[in-house]
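Spelled out, the chains give:
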Amino acid sequence: MEIWMIIVIVVCVIGIFVSFFIGMNARKSFFEKHIGSAEEEAIKIVQQAQNKADDIIKQANADKKEIILEGKEEIHRQRQKNDKELSDRQKDIRRQENRLQQKEETIDKKIANLEKREENFIQKNQQLDEQFKETEKIKEEQLKKLQEISGLTLEQAKEYLLTRLDEELVYEKSVRIIEAEQKIKEEADAKAQKILVLAMQKCAAEQVCEATISVVQLPNDEMKGRIIGREGRNIRAIESNTGVDLIIDDTPETITLSCFDPVRREIARIAMERLIADGRIHPAKIEEMVEKARNDVELNMKKEGERAVLQVGVAGMHPELIKILGRLMFRTSYGQNVLNHSVEVAHLSGAIAAELGVSVKLAKRAGLLHDIGKALDYEVDGSHIDIGVELAKKYKENNVVVHAIHSHHGDVEAESVIDYIVQSADAISAARPGARKENLENYIKRLKDLEELASSFEGVERSFAIQAGREIRVMVRPDAVKDEKMIPLAREICKKIESDLEYPGQVKVNIIRENRAIEYAR
């Protein structure tokens, strides 16, 4: 069995080898057949490529010949064009040479003419020199004759002429100064009046004055005895707690509170009114009412300061400065409430600043704070201007505002437009009718001092203060004061008034000089 298996395997192997050799021979004959046909195809393709390459070479040779012919023609055309341009340029050069030659001939002619003129000029110059020498001789002879006739030397004659010239120049300068000042004054007055009228129209304020004492009304005269108390203990308690003087006289149903500090006077007034309304008047109640009144006044001052700031439209002010500003509600100047005056000045300053084109906010701020020092001038030493400057610096106000406070009464020179605006607004607010009241004796003394000052100048005959002291008319002697000296005299009087006197607003100095001829017919 195993032998048959071996025989079968051997036979299968032999069959596989025989099949392999038969397949190899078949593939070999197939490949040889296809290789022969591929070689023939390749020979055909090579032959076609060779034919196409020959055609391309022929076409390239033909194109080359054509391009060479075109290039030769282009070179010929360019050469003809260049020859023509060269010919044209040569013609232009020849024309320019002809023009230059003509110009040279013309220049030669002009040079010849100039040489002739120069010779003539030299001759004329020599003649003029000779004439000048003759003129100098004649001038010297005439000067000698003039000196003999006038009896003056040359230096004396010069001095005489210069003196006359100085006198004429003084008169001429005075005339021109008068004309210029008149023109400037007319223009400035017209514009200033327009600005001030517009500012005043925007600020309508009451024309009233406030009293500087406080009066408390009583329900009956018996209340006076209760206020005085047993052996005067109530009145002493009131005076010691408030710091005011109670004046109880024969005036029916009224008592008067007197104190240099308006805040204390207001505290005492409120406390008295509440004590009278309550009816229980004794030292403990008095102390309680005074303390409540003090707190109410402090709160009221703060509210008034805030109201003023809000009314004017000023923002960013320090709270302590607002509180101090509210104290001005209880401060008066010549009977005018200072807080109302400050608000009015702020509105006027803003209106003027708007017309002049400067910062309205800064002008209002300076106007509102210009009298801030009056809130503390009863408590702190120094003028209200110095106190106001210190307060403004302490609370970091703008330097322009500080200087406006410092200069609003002329203590220092004004530096900015804001300074002048605050001065003008302050004068307008204080000078309007009914705003302030002045003591008659002070008023008369001020007018008298003004007249005496003007009369102290040399050449002044009489002087009269008119318009409530806002104008001084000065009569001068014609023989002592000439026309050309009137303007310098007016300026000297103005400077003396500014340095020696205190006055509201401005003072007009009017100098009058006149000649009178009097004769009698008999």
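Residues numbered from 1 in each chain as written. Predicted model: local features only at pLDDT ≥ 70, side-chain atom pairs only at ≥ 80, totals over all residues. Heavy atoms only, no water.

Enquirer: So what about the packing of helix α8 (residues 338–356) against helix α9 (residues 360–369)? Which residues, and what values?
Expert: Contact pair α8 / α9: the axes reach a minimum separation of 7 Å and the direction vectors enclose 155 degrees. The orientation of α8 with respect to α9, classified from their angle, is roughly antiparallel. Considering the relative orientation of α8 and α9, their crossing is right-handed. Contacts between α8 and α9 involve Ser-342, Val-343, Val-345, Ala-346, Ser-349, Gly-350, Ala-353 and Ala-354 on the former and, on the latter, Val-360, Ala-363, Lys-364, Gly-367 and Leu-368. Residues of the contact of α8 with α9, tallied by class, amount to eight nonpolar, four polar and one charged. (Axes fitted to C-alpha atoms, helices over the stretch in contact; angles between N-to-C directions. Helix = DSSP H or I, 4+ residues; strand = E, 2+ residues; numbered from the N terminus. Parallel < 35°, antiparallel > 145°, perpendicular 65-115°, else oblique. Left-handed = near helix turned anticlockwise from the far one by under 90°. Contact = heavy atoms within 4.5 Å. Nonpolar A, V, L, I, M, F, W, Y, C, P; charged D, E, K, R; others polar.)

Enquirer: I'd like a rundown of helix α5 (residues 262–278), residues and numbers included.
Expert: Along its 17 residues, α5 runs 24 Å from first to last C-alpha, staying within 8% of the 24 Å computed at 1.5 Å per residue. Of the residues making up α5, those classed as buried are Pro-262, Val-263, Arg-265, Glu-266, Ile-267, Ala-268, Ile-270, Ala-271, Met-272, Leu-275 and Ile-276. Where α5 terminates, the next one or two residues include Gly-279, which has phi positive at roughly 90 degrees. (Expected span 1.5 Å × (residues − 1). Buried < 20%, exposed > 50% of the residue type's maximum accessible area, 1.4 Å probe, protein only.)

Enquirer: Go over a negative patch on the surface, please, and point to the residues and values.
Expert: Among the surface-exposed residues, Asp-63, Glu-66, Glu-70 and Glu-73 lie close enough to one another that they form a single negatively charged patch. Tracing the backbone through its elements, the reader meets Glu-70 in helix α1 (residues 2–150). (Patch = residues over 30% accessible without salt bridge, like charges linked within 9 Å, V, L, I, M, F, W, Y side chains within 5 Å. Areas by Shrake-Rupley, 256 points an atom, 1.4 Å probe, with all protein chains shown as cover. Salt bridge = Lys/Arg side-chain N within 4 Å of Asp/Glu carboxyl O. Lys, Arg positive; Asp, Glu negative; His and termini not counted. Charge placed at Lys NZ, Arg CZ, Asp CG, Glu CD.)

Enquirer: Report on unusual backbone geometry, specifying residues and quantitative values.
Expert: With phi around 55 degrees, Glu-231 is a residue other than glycine that occupies positive phi space. Its place among the elements puts Glu-231 in the loop between α3 (222–228) and α4 (233–242). Assessed through its relative accessible area of 72%, Glu-231 is described here as exposed. A positive phi angle, close to 55 degrees, is found at Glu-253, a residue other than glycine. Tracing the chain through its elements places Glu-253 in the loop between β2 (245–247) and β3 (254–258). Owing to a relative accessible area of 37%, Glu-253 belongs among the partly exposed residues under this scheme.

Enquirer: Tell me about the nonpolar core, and name the residues and values.
Expert: Ranked by internal contacts, the top residues of the largest apolar core, which has 69 residues, are Ile-227, Met-272, Leu-325 and Leu-368. Among the elements that make up this core, the one with the highest residue count is helix α6 (residues 283–312) (nine residues). For Leu-368, the residues in contact, after removing those within four places along its chain, are Val-309, Val-312, Val-314, Met-317, Leu-325, Ser-342, Val-343 and Ala-346. One finds Phe-457, Ile-497, Val-509 and Ile-511 within the second-largest nonpolar core, a separate group that totals 20 residues. (Core = buried A, V, L, I, M, F, W, Y, C linked by side-chain atoms within 4.5 Å.)

Enquirer: Mind laying out the pattern of salt bridges, listing which residues take part and the relevant values?
Expert: Under the counting rule described, the total for this entry stands at 17 salt bridges. A salt bridge links Arg-77 to Glu-74; its shortest N-O distance comes to 2.3 Å. Of this pair, Arg-77 and Glu-74 both sit in helix α1, three residues apart, which is roughly one turn of the helix. Of the residues examined, Glu-74 reaches a relative accessible area of 40% and is grouped as partly exposed. Measuring nitrogen to oxygen at the nearest pair gives 2.8 Å for the salt bridge that ties Asp-483 to Arg-513. Of this pair, Asp-483 sits in the loop between β7 (471–476) and α14 (486–500) while Arg-513 is found in the segment after β8 (508–512), placing the two residues 30 residues apart along the sequence.

Enquirer: Any details on the packing of α9 against helix α11 (residues 399–407)? Residues and values, ideally.
Expert: In the contact formed by α9 and α11, the axes pass within 9 Å of each other and the chain directions differ by 40 degrees. It follows from the interaxial angle that α9 and α11 lie oblique. When the axes of α9 and α11 are compared, the crossing they make is right-handed. On α11, the residues that touch Leu-362, Arg-365, Ala-366 and Leu-369 of α9 are Val-400, Val-401, Ala-404 and Ile-405. Partitioning the contact of α9 with α11 into residue classes produces seven nonpolar, no polar and one charged.

Enquirer: Describe the sheet that holds strand β6 (residues 460–466), with residues and values.
Expert: Pairing is mixed across the open sheet formed by three strands, whose spatial order is β6-β7-β8. The sheet is open, and its two borders are formed by β6 and β8, each paired with just one other strand. Going from strand to strand, the sheet's axes swing by 20 degrees on average, the running direction of each strand aside. Of the strand pairs in this sheet, β7 and β8 are connected by five bridges, and their pairing is parallel. By the bridge assignment for β8, Ile-472 is matched with Val-509. Its contacts with the sheet place α14 against β7 and β8, and it is angled at close to 145 degrees to β8. (Pairing = 2+ DSSP bridges.)

Enquirer: Could you give me a rundown of the pairing of β3, with the residues and numbers involved?
Expert: Taken across its five residues, β3 has four buried, putting it largely inside the fold. With four bridges connecting them, strand β1 (residues 214–217) and β3 associate as antiparallel partners. From the neighbouring strand, Val-215 faces β3, where its bridge partner is Thr-256. The pairing of β2 with β3 spans three bridges and is antiparallel. Bridge pairing links Ile-247 to Thr-256 in β3. Hairpin connection, β2 to β3: the antiparallel pair is bridged by six residues, and Glu-253 has positive phi, about 55 degrees.

Enquirer: Describe the environment of Ser-349, naming the residues involved and giving the relevant values.
Expert: Checked against the element boundaries, Ser-349 lands in helix α8. Judged by relative accessible area, Ser-349 falls into the buried class, the value being 0%. The spacing of Ser-349 and Gln-423 is 74 residues in sequence and 9.0 Å in space, taken between C-alpha atoms.

Function cannot be read off these values alone, since they describe shape.
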